[in-house]
Every structure is written in structure tokens, then in C-alpha cells.
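Examining the three-dimensional arrangement
Given next are the chains, with one letter for each unit.
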Amino acid sequence: YKGSVCARCGYAKCPAALVFHHPDPDGKDFGISSNGVSRSFAKCKPEIEKCIMLCSNCHAEVHYEETERTREIKRQEIEQEKRKGNYASKYSEIA
């Protein structure tokens, strides 16, 4: 339905290595294949429309990059709080 090609790198060798990825996690109502739950195509289609097709490698890289960006933003927030003298212990786990 979404094709058999990774939208990021063009990989098209093995369809089993392709996954649906929600570029906007806030718009995600459910995972297409989460926890072995099966749904009809009619129920999945609106959710699939929110997704892009990625190969497993690109999918892992995208999530890694998102995590690294989040960590960097938190590090910057911590540094700002430290400069203001408002450093809170809630940040200690990522400092």
C-alpha cells in the first residue's frame, strides 16, 4: 500500500525489512503492529496515512537521532538553569 521502498535511503530488497514510521509521534493514535494486535485494513489505513516507510536501519537511525536531539536540548536546559542558580535535582539523571 505504501510501496516497498525506504523513503530515506531507497532500500527495496526485502519487504520484511521495511517498517511504518510516524514522523509526528504526537499524531500517532496506535502502532500499526503493536503487541501482536491485529486490526482490519480499514481501521489501519488512516493510521498508515500518517506514516512513511523506512527500512529497519533508517528507522533505528531516525529514532537514535531524535533521542540525541532530545538529550542535547535537556543538556542545554540544565546549563541554563545552572547559570541562573536554579539547577534542580530532577535533571541529575541526564547531566
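Numbering of residues starts from 1 in every chain and runs along the sequence as written. Only residues with pLDDT of 70 or above have their local features reported here, since the model is predicted, and side-chain atom pairs are shown and tallied only from 80 upward, although totals for entire chains, interfaces and linings are computed over all residues. Values reported for side chains reflect all heavy atoms of the structure, with hydrogen atoms and water molecules removed beforehand.

Turning our attention to the overall build of the protein chain. Along the backbone of the protein chain there are two helices and two strands. For every residue, the accessible area (1.4 Å probe, protein chains only) is compared with the maximum for its type, and the residue is labelled buried under 20%, exposed over 50%, or partly exposed between those bounds. Put simply, the protein chain has 95 residues, and 20% of those count as buried. The contact criterion used throughout is that any non-hydrogen atoms of two residues lie within 4.5 Å. Counting contacts in the protein chain only where the partners sit at least 6 residues apart, residues at least 24 apart contribute 59% of the total. Working definition of accessibility: Shrake-Rupley area with a 1.4 Å probe, residue cover restricted to the visible protein chains. About 6900 Å² of surface is accessible on the protein chain, with carbon and sulfur atoms providing 51% of the total. Helix and strand labels come from DSSP, where a helix needs a run of H or I of at least four residues and a strand needs a run of E of at least two; each type is numbered from the N terminus.

Restricting attention to buried positions, one finds in helix α1 (residues 41–48) the residues C44, E47 and I48. Down the axis of α1, the buried set is contained in an arc of 95 degrees. They therefore lie on one face. Each C-beta atom gives one direction from the helix axis, and the arc is the one those directions make.

When a carboxyl oxygen of Asp or Glu lies within 4 Å of a side-chain nitrogen of Lys or Arg, that pair is called a salt bridge. Under the definition given, this model contains eight salt bridges. E61 is the partner of R8 in a salt bridge, and the nearest nitrogen-oxygen pair spans 3.3 Å. Of this pair, R8 sits in the segment before β1 (18–21) while E61 sits in helix α2 (residues 56–84), placing them 53 residues apart in sequence. A salt bridge links E81 to K84; the shortest N-O distance between them is 4.0 Å.

Below, the discussion takes up the nonpolar core. Residues enter a nonpolar core if they are buried and are Ala, Val, Leu, Ile, Met, Phe, Trp, Tyr or Cys, with the set joined through side-chain atoms within 4.5 Å. Core analysis: the biggest nonpolar cluster contains seven residues, these being C6, L18, M53, L54, C55, C58 and V62. Counting residues per element, the ones that place at least two in this core are β2 (52–55) and α2. With three residues, β2 is the single largest residue contributor to this core. In this structure, F30, C44, I48 and C51 belong to the second largest nonpolar core, which totals five residues.

On to the confidence of the model for the protein chain. Predicted coordinates in regions of low pLDDT should not be interpreted in detail. Averaged over every residue, the pLDDT of the protein chain is 82; the share at 70 or more is 86%. Across the protein chain, the secondary-structure element scoring lowest on mean pLDDT is α1, at 85, and the one scoring highest is β2, at 93. pLDDT: the predictor's confidence for each residue, scored from 0 to 100.

This part covers the side chain of H21. With respect to the helices and strands, H21 occurs in strand β1. In terms of polar contacts, H21 uses its side chain to reach the side chain of H63, at 3.5 Å. Setting aside chain neighbours within four positions, we find H21 in contact with K50, C51, I52, L54, H59, V62, H63 and E66. Pairing of N or O atoms within 3.5 Å defines a polar contact, subject to two protein rules: one partner must be a possible hydrogen donor and the other a possible acceptor, and residues neighboring in sequence count only if both atoms are side-chain atoms.

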